[in-house]
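# Structure at a glance
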2 protein chains.
Amino acid sequence: MEQKMVSPSLLQKALGEFIQLDEKITHYSSILGLVDWDQKVMAPKKGRNIFSKATGTLRTEIFQLSVSQEMGQLLEALTLENHYLQLDQVTRAKVREYKEYYQKSKAIPADLFKDYSILTAQANDAWEEARDKNDFASYLPYLEKIIDYKRQFAEIFGYDEHPYDALLDEFEPGLTVKRLDPLFAKLRKSSVELLNRIRKHGLPTKVEVFEQSFDIDKQKDFNRFILPLIGFDMQAGRLDETVHPFAQTVNIGDVRLTTRYLEKNVRSALFGTIHEAGHGIYEQQVNPIYEETVLQSGASFGIHESQSRFLENMIGRSQEFWHFFFPKLKEYFPEQLKDVSVGEFYRAVNTVQPSMIRVEADELTYNLHIMLRYEIEKALIGGEIEARDLPAIWNQKMKDYLGITPGNDTDGVLQDVHWSFGGIGYFPSYSLGNLYAAQILRTIQKAIPDFYHHIENGKFEIIQDWLKENIHQYGKLYRPNELIHMVTGEALNADYLIEYLEKKYAEVYQLDKR
Amino acid sequence: MEQKMVSPSLLQKALGEFIQLDEKITHYSSILGLVDWDQKVMAPKKGRNIFSKATGTLRTEIFQLSVSQEMGQLLEALTLENHYLQLDQVTRAKVREYKEYYQKSKAIPADLFKDYSILTAQANDAWEEARDKNDFASYLPYLEKIIDYKRQFAEIFGYDEHPYDALLDEFEPGLTVKRLDPLFAKLRKSSVELLNRIRKHGLPTKVEVFEQSFDIDKQKDFNRFILPLIGFDMQAGRLDETVHPFAQTVNIGDVRLTTRYLEKNVRSALFGTIHEAGHGIYEQQVNPIYEETVLQSGASFGIHESQSRFLENMIGRSQEFWHFFFPKLKEYFPEQLKDVSVGEFYRAVNTVQPSMIRVEADELTYNLHIMLRYEIEKALIGGEIEARDLPAIWNQKMKDYLGITPGNDTDGVLQDVHWSFGGIGYFPSYSLGNLYAAQILRTIQKAIPDFYHHIENGKFEIIQDWLKENIHQYGKLYRPNELIHMVTGEALNADYLIEYLEKKYAEVYQLDKR
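First, a word on scope: everything that follows refers to the structure included in this document.

Conventions used here
- Residues numbered from 1 in each chain as written.
- Chains lettered and ligands numbered in written order.
- Predicted model: local features only at pLDDT ≥ 70, side-chain atom pairs only at ≥ 80, totals over all residues.
- Heavy atoms only, no water.
- Phe/Tyr/Trp six-rings, centres within 6.5 Å; stacked < 30°, edge-to-face > 60°.
- Helix = DSSP H or I, 4+ residues; strand = E, 2+ residues; numbered from the N terminus.
- Buried < 20%, exposed > 50% of the residue type's maximum accessible area, 1.4 Å probe, protein only.
- Lys NZ or Arg CZ within 6 Å of the ring centre and 35° of its normal.
- Contact = heavy atoms within 4.5 Å.
- Salt bridge = Lys/Arg side-chain N within 4 Å of Asp/Glu carboxyl O.
- Core = buried A, V, L, I, M, F, W, Y, C linked by side-chain atoms within 4.5 Å.
- Axes fitted to C-alpha atoms, helices over the stretch in contact; angles between N-to-C directions.
- Parallel < 35°, antiparallel > 145°, perpendicular 65-115°, else oblique.
- Left-handed = near helix turned anticlockwise from the far one by under 90°.
- Nonpolar A, V, L, I, M, F, W, Y, C, P; charged D, E, K, R; others polar.
- Expected span 1.5 Å × (residues − 1).
- Buried area = accessible area lost by both parts, 1.4 Å probe.
- Polar contact = N/O pair within 3.5 Å; in protein donor to acceptor, adjacent residues only side chain to side chain.
- Pairing = 2+ DSSP bridges.
- Least-squares fit on C-alpha atoms with pLDDT ≥ 70 in both.

### Section: the packing of aromatic side chains
All chains considered together, the criterion is met by 73 aromatic pairs over all chains. Aromatic pair Tyr116 of chain B and Tyr149 of chain B: ring centres 5.6 Å apart, planes at 55°, arrangement tilted. Linking Tyr116 of chain B in helix α6 (residues 110–133) with Tyr149 of chain B in helix α7 (residues 136–157), this pair joins segments that are 33 residues apart in sequence. The class of Tyr149 of chain B is buried, set by a relative accessible area of 13%. A centroid spacing of 6.0 Å and a plane angle of 55° characterise the contact between Phe310 of chain B and Phe451 of chain B, whose relative ring orientation is tilted. With a gap of 141 residues between them, Phe310 of chain B in helix α12 (residues 301–315) and Phe451 of chain B in helix α18 (residues 451–456) connect regions that are remote in the sequence. With respect to burial, Phe310 of chain B and Phe451 of chain B carry one shared label: buried. Put simply, the rings of Phe210, Phe222, Phe225, Phe271, Phe321, Trp322, Phe324, Phe325, Phe326, Tyr332, Phe345 and Phe460 of chain A pair up and form one aromatic cluster. When the ring centre of Phe427 of chain A is taken as reference, the NZ or CZ atom of Arg373 of chain A above it lies at 5.4 Å.

Next up, the structure:
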């Protein structure tokens, strides 16, 4: 019987090859990021169909490199116990990232994965059509199959307690139902109560200020004016226009944001841009030592979302932010804002307005949209409910949490794209982002006691430096739970967000005085 | 001894694999085209350096696929005599393209090629610095080495008569000194004579009309206005801005043009855009059956240049073109053009003005800049002169042909980038483009007798359809000499360009009347 021989030179060789393979995969991913952006933002209409085949070729190549025999052998060599012990922290993190992907990809039989890929491509078209025609029944067969696949995948990937854990792990590594349930239950309860108090006792805001026309060219100028001031490096990024705003990283020196300008809704571009800038600044501030490696992106979907929401909500919807920026905004729109005070404007941007559509929700009701989706996904994967039950369950939960009922499925269960591409387990990231953000806010206010004073003076550098030092620089080095513990000194906790929301809306809606 | 067995199924297998490999290479090339465009036109400054490593990885992959063992075996299988006889014309053309590249690449020893690649990268920087500092001596050692490599490559590639033939072949397959010498000699002689006649007897044009300010936003609007009218499909392309204008094909449905706007020189963007549109329309009109194959581009550098110059000069600088467009241009610039008649404007856009710089040259003197470079390259590769002699030879030829002498090397021998990247053999393409274009003009005027009448009425469709039918649709199917023979019924001939120039400038400068 042969015994596995281990020599330092073998480790060095494996390490060298692993670094090269990682670099190649990262180079291709960087190119893929750029061309994906291009096809959404720049490409002329007639070329896109054929070009999607070219991107398909590159995407397939990235997948094949990631699950290649070479990768398998390198991961095996690097995780031999006496090798692994010699690896530094950065290499271990890289190995961790590739190993998880490799194992999950290899665990699913090739035929099963192929059938699933064909299904999701078809399901996306079916969803679009169903949404446009308000026809849930036509989409149901696809959704049923997707859920069936996802239940199978959960069994294949494995889990300790709840099958949904296996799916959550794809978006927020290490997260489980057991950890999430109490956080979300507490947040849901307090949010519903707060919403009811606002409805009963809240002093109405002057939200009608946003119902005026705001010239789009001026909106563009204003967005370009604030981006560098809040910390986005325009020499290392761009801002363009799309229907669905997003942030796309090409590399640390090239992060591209998009936003959407609506003449009748100045908030859309404004807070959309600030939100995407939060994602973008995170990626711009990753330590260059991770450039050209798998670690060059953010820690997880939830941590990423915490950075966009921290900038959009904790900073961008604060009183101090508008103390600084409102006089500037008034220079761009003197006519529209002539009868509005900064206090009124601050209250207006924080208007709570339950609505059918998640992406239009305010800071408070947004989480209720997520709770609803989380509960449905968990029950679907756990086998407690079936896809055919969804419209009824959806509408009931909307009524329970938000007090409104969608008039049709287009504005209800059919509104989101996520399930059609198999993204079950994705939604919780959005509220996790809010939870992380509030916990980070508490910590940063201890580290920088005059935090809001800096904002009031338009000094964002000290804040962005702190985020860089404590979060951004690490890229994907740490797991999200490790990172949040490192940054805040404790595990994720719902209390900070609950307190933050209570305090903010008491102020905005003058709840204590009424 | 084994005998090579040939079976139809073996051919089918090789064909299938060849098509797949071609598709993969073409997909990657398409992506590379897009990202090259992006880095010049869109990418933020700080990301470009790192991204160049990603494109380097993809470029290397394309090269490796093209010279891979797999490619070698497929080419061998497909060119076995009894296989080759069974291939259709399209497949033969694809095999021809890959085989030439494969053989040339394989012929150069790997170490030699690597050293050469390093040299050209360094030489480019050295050239830029030398040009900026007017310091030919600092660039000379690089240029000497490049010429030395090129002389070696010529020997490796092989040639029948002149070593320069081996280099010409890279840009215009099949072209030789023997064919080119008489064409260029005739053109040079007649151009010098015509230039002297214009200088002595020509009625001055009102070129000062272009010395006014033309608002850049209005220039942009006008360029966007004419592009679709002259046949460029804006649904299958874009127009952007760069310092050095170019056309970049992503695929047949996605062809991207760039231009440069100068407030004090309205001609720069105008004729630059029309020129690039000529390249772009060629690529947009390639038959979609060549999409995702090596044949999806134009036939050669020279043929491509013929299409850009045909549109820029034969059409865009014609009297009839301005009969149609001048009233429109006047709407954009009423102040600047208020005292100018269409006839004066036509004469002004055809002003002959010998200048030091090739890229600023007019339609007549442009060819003299090329003759000079051709003669120098031929003598360098033939070993008749050495790089150190160039400044003196350059200045002498400038005096002989154009009657002017550069005051420094920056405006002389250092002005072009081509030699620094090893592009020796490239320059003749530009004048070949003019020769082809004039010969095609003669043919199209027989096919469409009221050719200029259509232009006068802004009807470009019938002309673009003819170009599509006779030239564009074929992509890279035919060799340039085959194509020009097919289109015009004869081999390339200098008489048509000479006659065209004589006639045009007699008219513009009223030479017959004076």
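From this point, the discussion proceeds with the structure in view.
### Focus on the side chain of Ser420 of chain A
On the secondary structure map, Ser420 of chain A appears in the loop between α16 (390–402) and α17 (428–447). Filtering out sequence-adjacent residues up to four positions away, Ser420 of chain A remains in contact with Thr120, Ala123, Asn124, Trp127, Tyr139 and Ile146 of chain A.

### As for the pattern of salt bridges
Residues and elements named next belong to chain A. By the definition in use, this model includes 60 salt bridges over all chains. A salt bridge links Arg256 to Asp254, with the nearest nitrogen and oxygen atoms 2.7 Å apart. With respect to burial, Arg256 and Asp254 carry one shared label: buried.

### A word on the nonpolar core
Counting 194 residues, the largest nonpolar core has Phe310, Trp322, Trp419 and Phe451 of chain B as the members making the most contacts within it. Apart from the residues lying within four places of it in its own chain, the contact partners of Trp419 of chain B are Tyr139, Leu143, Ile146, Ile376, Glu377, Leu390, Trp394, Val413, Ile424 and Phe427 of chain B. Counting 140 residues, the second-largest nonpolar core is a separate cluster that includes Leu112, Phe210, Tyr426 and Leu467 of chain A.

### Concerning the packing of α12 of chain B against helix α19 (residues 461–470) of chain B
Residue and element names in this part refer to chain B. At their nearest, the axes of α12 and α19 sit 13 Å apart, and the two run at 155° to each other. By the criterion of interaxial angle, the relationship of α12 to α19 is roughly antiparallel. Between α12 and α19 lies a crossing whose hand is right-handed. Between α12, through Gln307, Phe310, Leu311 and Ile315, and α19, the contact on the second element is made entirely by Ile463, Gln464 and Leu467. When grouped by side-chain class, the residues that make up the contact of α12 with α19 number five nonpolar, two polar and no charged.

### Some thoughts on helix α5 (residues 89–107) of chain B
With 19 residues, α5 of chain B extends 27 Å between its outermost C-alpha atoms, agreeing within 8% with the 27 Å of an ideal straight helix rising 1.5 Å per residue. All buried positions along α5 of chain B are accounted for by Thr91, Ala93, Lys94, Val95, Arg96, Glu97, Tyr98, Tyr102 and Ser105 of chain B.

### Description of the interface of chain B and chain A
Contacts between the two partners involve 37 residues from chain B and, on the opposite side, 37 residues from chain A. Summed over both sides, the interface of chain B with chain A buries roughly 3100 Å², with 61% coming from carbon and sulfur. The interface formed by chain B and chain A contains eight salt bridges. One salt bridge in this structure joins Asp38 of chain A and Arg256 of chain B, with 2.7 Å as the shortest N-O distance. There are 22 residue pairs in polar contact (both at pLDDT 80 or more) connecting chain B and chain A. Contributions of two or more residues to the side of chain B that touches chain A are made by α1 (8–41), α2 (48–66), β1 (237–241), β2 (247–251) and β3 (254–259) of chain B. The greatest single-element share of the side of chain B that touches chain A, amounting to ten residues, is contributed by α1 of chain B. Of the residues in the side of chain B that touches chain A, the class split is 15 nonpolar, ten polar and twelve charged.

### Focus: the sheet that holds β2 of chain B
Picture the strands of a sheet paired through backbone hydrogen bonds; they go either parallel or antiparallel. Residues and elements named next belong to chain B. Strand order in the open sheet formed by three strands is β1-β3-β2, with mixed pairing between adjacent strands. Each having just a single partner strand, β1 and β2 make up the two edges of the open sheet. Strand-to-strand twist in this sheet, taken as the mean axis angle between neighbours without regard to direction, amounts to 20°.

### Some words on the relation of the copies chain B and chain A
For the pair of chain copies, the relating operation is a rotation around an axis with a shift along it. If you rotate chain B by 180° and push it 0.0 Å along the axis, it lands on chain A with an RMSD of 0.1 Å. The superposition operator between the copies reduces to a two-fold rotation axis. Minimal C-alpha separation from the rotation axis in chain B is found for Val35 of chain B, amounting to 3.6 Å. A share of 100% of interface residues in chain B that are also interface residues in chain A marks the association as one of identical surfaces.

### A few points about the packing of helix α9 (residues 177–201) of chain B against helix α15 (residues 365–381) of chain B
Residues and elements named next belong to chain B. Relative to each other, α9 and α15 sit at 140°, their axes nearing to 9 Å. Here α15 runs oblique to α9, going by the angle between their axes. When you trace α9 past α15, the crossing you get is left-handed. Judged by residue contacts, Val177, Leu180, Asp181, Phe184, Leu187, Arg188, Ser191, Val192 and Leu195 of α9 engage Thr365, Asn367, Leu368, Ile370, Met371, Tyr374, Glu375 and Lys378 from α15. Its residues assigned to classes, the contact of α9 with α15 shows ten nonpolar, three polar and four charged.

### A few points about the sheet that holds strand β1 (residues 237–241) of chain A
All names here are of chain A. A sheet is described by the order of its strands in space; here three strands give the open sequence β1-β3-β2, paired in mixed fashion. Two strands in the sheet have a free side with no partner beyond their single neighbour: β1 and β2 (247–251). Ignoring strand direction, the axes of neighbouring strands in this sheet form an average angle of 20°. Two elements, β2 and strand β3 (residues 254–259), share four bridges in a ladder whose sense is antiparallel. Considered in β3, the bridge of Ala247 is made with Leu257. Here helix α11 (residues 266–284) sits on the sheet and contacts β1, β2 and β3; the angle it forms with β3, its principal contact strand, is near 165°.

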